[in-house]
Amino acid sequence: MLQRTRPTERYARGFVAALAAVAALVLAANAGPAKAAAPDAGSRTTAPAEVEAAER
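These numbers come from a predicted model, not from an experiment.

**Q** Just to check I follow, could you spell out the overall build of the protein for this structure?
**A** Along the backbone of the protein there are 2 helices and 0 strands. Each of the 56 residues in the protein was classed as buried or not, and the buried ones make up 2%. As presented, the protein carries roughly 5,700 Å² of accessible surface, and 62% of it is formed by carbon and sulfur atoms.

Right, dumping it as structure tokens:
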């Protein structure tokens, strides 16, 4: 037969689970792609190539 757990044990388990969830979310948020150190000026355009070709 299953024994009933004390309320303090249940709250402690819930608290530990909440801490683990927050830690997982923080780690997941910081695991994104790295930002470029310096943007490459040559690769940026003001308009798509099709528009520039049509205007010529």
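**Q** Even after reading the chapter, I still don't get a nonpolar patch on the surface, so can you show me in this structure?
**A** Residues F15, V16 and L19 make up a contiguous nonpolar surface patch of roughly 320 Å² in combined accessible area. According to the relative accessible area criterion, V16 is exposed, its value standing at 53%.

Cut-offs used in this document
- Residues numbered from 1 in each chain as written.
- Predicted model: local features only at pLDDT ≥ 70, side-chain atom pairs only at ≥ 80, totals over all residues.
- Heavy atoms only, no water.
- Helix = DSSP H or I, 4+ residues; strand = E, 2+ residues; numbered from the N terminus.
- Buried < 20%, exposed > 50% of the residue type's maximum accessible area, 1.4 Å probe, protein only.
- Areas by Shrake-Rupley, 256 points an atom, 1.4 Å probe, with all protein chains shown as cover.
- Patch = residues over 30% accessible without salt bridge, like charges linked within 9 Å, V, L, I, M, F, W, Y side chains within 5 Å.
- Salt bridge = Lys/Arg side-chain N within 4 Å of Asp/Glu carboxyl O.

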